[in-house]
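# Inside the fold
If you want the building blocks of each chain, they are given just below.
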Amino acid sequence: SARKPIIAIDGPAGAGKSTVARRVAAELGLLYLDTGAMYRAVTWLVQQSGVEISDEAAIAELVSQSEIELVQGDVDAGGTAPHALMPSRLHSSTPAPLTVLINGQDVTREIRTPQVSAQVSAIAAQGEVRRALVKQQKEYGRRGGVVMDGRDIGTQVFPDAELKIFLTASVQERARRRQLDLKEQGQPEVSLETLERAIFERDQKDSSRKISPLRKADDAIELVTDDLTIEAVVEKIICLYRDRLSSGL
Ligand code: CDP
Ligand code: CDP
């Protein structure tokens, strides 16, 4: 086909998908697209609007009337929508920030709160929500040249991606990483036990839902990252990608 390659990165919460995907994209001059951010943006909107999270019809209606945008770079600094031009920082190894807009409002920070994290899996399990977001994700990747991370990228969104990675780590390690993240962001401390429970519950919901549950695609390469640095994981994925390209895929 005429489209450029796609790298799909799936896995459970806190496995390092977004950190790694962002860096791989920067190193290879590809666009990075965080599909979890889209489900989070919908969740934030639902919470703002006061619609019950169990009211699937009302949520479907809300989604159909809303516009979600993932923008590479700072919006104020003239960032570029992924469906428009490629970012100006091509082949720079400094990852560009990703701004998340819903109905024109910048919610990049708001979508990372524990309140959003606690409800996002329930909303991501709804058929109409997934249908709308998957459609948009396919459109974003239509011309290829993207690294996309999520739960169903290799299985549903781009089942023919040139490279599929399934990134995992133990619940304990993922909770430890989240705790460090919170500390670095100057957030109040949360116990490891609480974080482990939250991560475990989200994994359960994401893996057991009826529509597009989290699972490793048959042809995905699984990387268990407990004992790997971010750099090692990025390096590994870039090697796998180069091997795929040179073997003619
Ligand atoms: O970064 P973190 O692992 O916390 O999660 P995320 O990637 O931001 O995704 C948040 C939630 O969105 C997940 O727990 C899933 O419920 C949902 N999601 C999904 O269902 N499908 C995707 N492709 C991406 C995220
Ligand atoms: O997107 P996802 O929820 O899968 O994970 P993330 O938010 O990218 O990463 C969670 C944390 O793990 C970040 O603070 C990373 O710096 C850290 N980390 C990692 O991503 N990979 C490693 N091999 C080691 C640590």
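Predicted model only: the values in this text are computed from it and were never measured.

### What about the sheet that holds strand β1 (residues 6–10)?
With parallel pairing, five strands are arranged side by side in an open sheet as β2-β6-β1-β7-β8. Only two strands of the sheet have a single partner each, and these edge strands are β2 (31–34) and β8 (221–224). Pairs of neighbouring strands in the sheet enclose a mean axial angle of 20°, with direction left out of account. Where β2 meets strand β6 (residues 146–150), four bridges bridge the pair, whose relative direction is parallel. Each bridged residue has a counterpart across the sheet, and for tyrosine 32 the counterpart in β6 is valine 147. Taken strand by strand, helix α1 (residues 17–28) contacts β1, β2, β6 and β7 (163–168), and its axis lies near 180° from that of β6.

### Overview of the side chain of serine 66
Mapped onto the elements of the fold, serine 66 is located in the loop between α3 (56–64) and β3 (68–72). Here the side chain of serine 66 touches leucine 62 through a polar contact of 2.6 Å, landing on its backbone oxygen. Setting aside chain neighbours within four positions, we find serine 66 in contact with Leu45 and Asn103.

### Focus on the site of ligand 1
In the vicinity of ligand 1 lie 20 residues, with Arg40, Arg130, Arg178, Arg202 and Asp206 positioned nearest. At a separation of 2.7 Å, an oxygen atom of ligand 1 approaches a polar side-chain atom of arginine 130. Residue aspartate 152 places a side-chain N or O atom 2.8 Å away from a nitrogen atom belonging to ligand 1. In isolation ligand 1 exposes 530 Å². Once the protein is present, 97% of that is buried. The element contributing the most residues to the shell around ligand 1 is helix α2 (residues 35–49), with four residues. Partitioning the shell around ligand 1 into residue classes produces five nonpolar, five polar and 10 charged.

### Here's the deal with the site of ligand 2
What surrounds ligand 2 is a group of 15 residues, the closest being Lys17, Ser18, Thr19, Asp181 and Leu228. Note that an oxygen atom of ligand 2 is positioned 3.1 Å from one of the backbone N or O atoms of alanine 15. Between ligand 2 and arginine 178 there is a distance of 3.3 Å, counted from an oxygen atom to a side-chain nitrogen or oxygen. Out of a free accessible area of 540 Å², ligand 2 has 83% covered by protein chains.

### Observations regarding the nonpolar core
In terms of nonpolar packing, the biggest core is built from 57 residues, with Ile7, Val24 and Ile237 touching the most fellow members. If one sorts the elements of this core by residue count, α2 sits on top with eight residues. Isoleucine 7 has contacts with Val24, Leu28, Leu30, Val146, Val147, Met148, Leu163 and Tyr241, leaving out every residue within four places of it along the chain.

### A word on the sheet that holds strand β4 (residues 98–102)
As summarised here, the arrangement of the three strands in space is β3-β4-β5, forming an open sheet in which the pairing is antiparallel. Across the chains shown, the open sheet's two edge strands, defined by having one partner strand only, are β3 and β5 (105–106). Sheet analysis places β4 next to β5, joined by two bridges and oriented antiparallel. The residue bridging leucine 101 from the neighbouring strand is aspartate 106, located in β5.

### Quick notes on the pairing of β6
Of all five residues in β6, five are buried; the element is thus mostly enclosed. With burial as the criterion, each face of β6 is covered, one bearing Val146, Met148 and Gly150 and the other bearing Val147 and Asp149. Examined bridge by bridge, β1 and β6 share five bridges and lie parallel to one another. Bridge pairing in β6 links isoleucine 7 to valine 147.

Thresholds applied
Residues numbered from 1 in each chain as written. Chains lettered and ligands numbered in written order. Predicted model: local features only at pLDDT ≥ 70, side-chain atom pairs only at ≥ 80, totals over all residues. Heavy atoms only, no water. Pairing = 2+ DSSP bridges. Helix = DSSP H or I, 4+ residues; strand = E, 2+ residues; numbered from the N terminus. Axes fitted to C-alpha atoms, helices over the stretch in contact; angles between N-to-C directions. Contact = heavy atoms within 4.5 Å. Polar contact = N/O pair within 3.5 Å; in protein donor to acceptor, adjacent residues only side chain to side chain. Near = heavy atom within 4 Å. Areas by Shrake-Rupley, 256 points an atom, 1.4 Å probe, with all protein chains shown as cover. Nonpolar A, V, L, I, M, F, W, Y, C, P; charged D, E, K, R; others polar. Core = buried A, V, L, I, M, F, W, Y, C linked by side-chain atoms within 4.5 Å. Buried < 20%, exposed > 50% of the residue type's maximum accessible area, 1.4 Å probe, protein only.

All we've got here are geometric facts, nothing functional implied.
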